[in-house]
Amino acid sequence: MRRVAEGIAASAFAVAVVTAAIELLKPYVPVLSLGVLYVFAVLPIAVVYGLALALFVSVASMLAFNWFHLPPVHTFTLADSENWFALAVYLATAVVVAELAARARRRATAAEQRERESALLAELATELLRGRAVDEELGEVGVRVAEVIGVPSAQIELGPPRRPPSACAPLPLEVGERSVGTLYVPEGSDSNIAVRRRFLPALAALLAVAAERDELERGALEAEALRRTDLVKTALLRAVSHDLRSPLTGVRTAIGALRNGSLHLTDEDRAELLDAIDVDSERLQRLVGDLLDLSRLEAGSVPVEHEVWSLEDIVRDAVEGLGARDSVEIVGEAPLVEVDATQVRRVLANLIENALKYSPPGTPVTVRLTATRKEAIVRVVDRGPGLAPEERERVFEPFFRRDGDTRSGAGLGLAIARGFAAANGGRLWAESRPGQGATFALALPVVEVPVGLQV
Amino acid sequence: MTGRRVLVVDDEPQILRALRATLRGAGYTVDAAATVEEALTAAAAHPPEAVILDLILPDGNGTEVTRELRSWSEAPVIVLSAVGEESEKIAALDAGADDYVTKPFSVDELLARLRAVLRRRTDAQSEPVIEIGELRVDVPERVVTVEGRRVKLSPHEFDLLRVLAQNRGKLLTHQTLLREVWGPAYQVEAHYLHVYVSHLRRKLEPDPSSPRYLLTEPGAGYRLVDPTSAPV
């Protein structure tokens, strides 16, 4: 309503301005030819307010022209019959111009609207295709849709329609017969029907594609996860069965030979067989113990007995236990730690044993002790073949074995070491580079020693 | 006294030690190897009369050893396989291995298989007439009799029986049989083989539902045995 009143005022003003201008120009130009100036009143009104007011301005202009400028002035009669004709031509021109201008304006408005719609659709398509999950984008999309279809706010929900939120009108988003979701707009907000018909199906199609893609992606991720667990399980089963069966085969073969009455065994053969049984049964015992430790670590049921220890002592202890005093050099020093010494000794023994196994003969393994403000760090350094970057984490997986590697055992040592390190509040990681030897680092939290008691 | 030479290949040191002592105790002369390379070097240095071969080796697999060995030696090969190594086992048998035992195996079983493959090797493959128990196969005349009674066989049935009989006691894989009887083009049509085997059993076996001559090795192949001699 306000806009109509404003339009009428603007029309009156435009007519008045042109009438005054003609009054000013009248002394210099034949008055009849000045009637065409009223086009300048009709045109802007047509463009800004549309055809109806423009027609009103056309008629008002002719009346004003007749009243103020055509003799006899201040009457609606005309002295000269030619003037009637001129007036009619002016009126017709004004009406045609008004219509053309109004049509151009409608076209421009529609084009702008479509441009906004397609710009939004294109932008949405780009964003959704870039791989952003459609659910996370819905809020933002709603705001933009509201702008485009000319409502104060809009909310999009995917999936089957539900009861609309209070004071909201649901607009279905459909692709063909299939419902994709619902667009909720405030009740009573009127949006252009044509826009809805044109824009909403396009929006729905886009959202449907995006939702479908999300679904497929989720499915693919789940399938991939399942496949991986399956692979891990198969590898695990194979590793366990191989590592258990090999020593078992050794033991059984040797016992079978010892008990077989038809064989003629020399004393030397007999000793060989007993030794094979000894070595393989010990290997079995270790493997079973390791498996047990690993499962307890994974279940988090390993009791940790914290006591304050010198890390250096634990390192020396581990080296002694391996009988490797001559092939391990210990450098540096570390602060006190509060740990379960048996478990940390086990971690270090596993690391040092590993390092010895991969060291070229004659090269020592170095154990380097350092500390940061919060952690005591032990690095076990060998001069062996080192690790490829992609192996640095994988070596800690249970049953991990490098391709073609037969020196290692069941591949449990590092997994167990990491488990015990974590159980003692520490961290264990590899820092190796291929060709430069392997370094394994164990970090344990240092003990806060009261100032007066520091060693 | 030096016995027949056997090469044992296994990367598990204790199994290798146990097998070496066992085979020595059974009167064989034993060479041992732990890798593909060692195995081929040892075989070349002292050609073995039989090979006992682990399937998974650190630098390759038993199939490679078998194939390499077969290019110059007829020595029978027994592969040691574990559950979960079926495809490797079949590959080794296809490459020319003679038999397999599954880990963990009994010493008696291994020694029996070894005796069997060594005995078989002394049977000439080119005998014109092969007798297995009550079964008699006359290769040049293409005539088969069971307990003296003549049995009519189709050409393919006869060829299948001939291949099995010429390799008596030896496990022949599906692929080997298909290749020998039908030619390389039919290698994928394993069901041909099962059909012909059941035909043969109906014609030859006293009780086709529990075969005594033509035995199935599940998942591997078939072998023709002499039911009257000791089991392998």
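The coordinates are above.
These notes cover the structure that comes with them. Since the structure is predicted, the reported quantities are computational estimates derived from the model, not experimental observations.

Criteria and thresholds
- Residues numbered from 1 in each chain as written.
- Chains lettered and ligands numbered in written order.
- Predicted model: local features only at pLDDT ≥ 70, side-chain atom pairs only at ≥ 80, totals over all residues.
- Helix = DSSP H or I, 4+ residues; strand = E, 2+ residues; numbered from the N terminus.
- Buried ≥ 20, exposed ≤ 12 C-beta atoms within 10 Å, placed from the backbone.
- Contact = placed C-beta atoms within 7 Å.
- Nonpolar A, V, L, I, M, F, W, Y, C, P; charged D, E, K, R; others polar.
- Axes fitted to C-alpha atoms, helices over the stretch in contact; angles between N-to-C directions.
- Parallel < 35°, antiparallel > 145°, perpendicular 65-115°, else oblique.
- Left-handed = near helix turned anticlockwise from the far one by under 90°.
- Pairing = 2+ DSSP bridges.
- Expected span 1.5 Å × (residues − 1).
- Arc of directions from axis to C-beta.
- Core = buried A, V, L, I, M, F, W, Y, C linked by C-beta atoms within 7 Å.

Take the overall build of chain A next. When you go through chain A residue by residue, the secondary structure sums to twelve helices and ten strands. When burial is assessed residue by residue, chain A has 29% of its 455 residues classed as buried. Put simply, 67% of the contacts in chain A that link residues at least 6 apart link residues at least 24 apart.

This part covers the overall build of chain B. Looking only at helices and strands, chain B features eight helices and 14 strands. Here chain B holds 232 residues, and the buried ones make up 42% of them. Within chain B, contacts between residues separated by at least 24 positions form 57% of all contacts whose residues are at least 6 apart in sequence.

Contacts between chain B and chain A engage 22 residues on the former and 26 residues on the latter. Breaking the side of chain B that touches chain A down by element, the ones donating at least two residues are α1 (13-25) and α5 (107-122) of chain B. Residue composition of the side of chain B that touches chain A, grouped by class: ten nonpolar, five polar and seven charged.

All names here are of chain A. For the pair helix α3 (residues 39-49) and helix α5 (residues 81-129), the least separation of the axes is 8 Å and the interaxial angle reads 25°. Relative to α5, the element α3 is oriented roughly parallel. Considering the relative orientation of α3 and α5, their crossing is right-handed. Contacts between α3 and α5 involve V39, V42, L43, A46 and V47 from the first element and T93, A94, V97, A98, A101, A102 and R105 from the second.

The next thing to look at is the sheet that holds strand β10 (residues 143-146) of chain B. Residues and elements named next belong to chain B. Within the open sheet, the four strands sit side by side as β8-β9-β10-β11. Their pairing is antiparallel. Of all the strands in the sheet, the pair left with one neighbour each is β8 (129-132) and β11 (149-151). Mean inter-strand twist for the sheet, computed between neighbouring axes without regard to direction, equals 25°. In the sheet, strand β9 (residues 135-138) pairs with β10 via four bridges, with the strands oriented antiparallel. Directly across from R136, in β10, lies its bridge partner T145.

A few words now on helix α8 (residues 190-204) of chain B. Residues and elements named next belong to chain B. Here α8 spans 21 Å end to end across 15 residues, near enough to the 21 Å set by a 1.5 Å rise per residue. Listing the buried residues of α8 in full gives L193, Y196, V197, L200 and L204. With its buried residues spanning 105° around the axis, α8 presents them on a single face. In this structure, α8 carries H191, V195 and R202 as exposed residues pointing more than 90 degrees from its buried face.

Counting 50 residues, the largest nonpolar core has V8, V9, V51, L53 and V79 of chain B as the members making the most contacts within it. Excluding anything up to four places from it in sequence, L53 of chain B contacts V9, G62, V65, T66, V77, I78, V79 and L80 of chain B. V315, L387, F396 and L414 of chain A belong to the second largest nonpolar core, which has 40 residues in total.

Glancing now at unusual backbone geometry. Outside of glycine, negative phi angles account for most residues, and trans bonds account for most peptide bonds. Here P71 of chain A and P72 of chain A are connected by a cis peptide whose omega angle stands at -5°. Here P72 of chain A shows up in the loop between α4 (51-68) and α5. Of the consecutive residues K103 of chain B and P104 of chain B, the connecting peptide bond is found in the cis state with omega at -10°. Looking at the element boundaries, P104 of chain B is found in the loop between β7 (99-102) and α5.

All names here are of chain B. In textbook terms, the turn of a hairpin is the stretch between consecutive antiparallel strands, and for β9 and β10 this stretch comprises four residues, one of which, R142, has a positive phi near 55°. Direction of pairing for β10 relative to β11: antiparallel, over a ladder of three bridges. By the bridge assignment for β11, T145 is matched with R150. Taken together, β10 and the strand that follows it, β11, pair antiparallel across an intervening segment of two residues, in which E147 is found at a positive phi of about 50°.

Bringing the environment of H194 of chain B into the picture now. Here H194 of chain B lies in helix α8. In the structure, H194 of chain B is positioned 27 residues away from G221 of chain B in sequence and 9.9 Å away in space, judged by C-alpha atoms.

The next thing to look at is the packing of helix α3 (residues 62-70) of chain B against helix α4 (residues 86-94) of chain B. All names here are of chain B. Following both chains from N to C, one finds α3 and α4 inclined at 0°, their axes separated by 8 Å at the closest point. Viewed along their axes, α3 and α4 adopt a mutual orientation that is roughly parallel. Judged by residue contacts, G62, T63 and T66 of α3 engage E88, A91 and A92 from α4. Tallied by class, residues from the contact of α3 with α4 come to two nonpolar, three polar and one charged.

Turning to the environment of E68 of chain B, a few remarks are in order. With respect to the secondary-structure elements, E68 of chain B resides in helix α3. E68 of chain B sits 32 residues away from V36 of chain B along the chain, and the two C-alpha atoms are 9.9 Å apart.

Function cannot be read off these values alone, since they describe shape.
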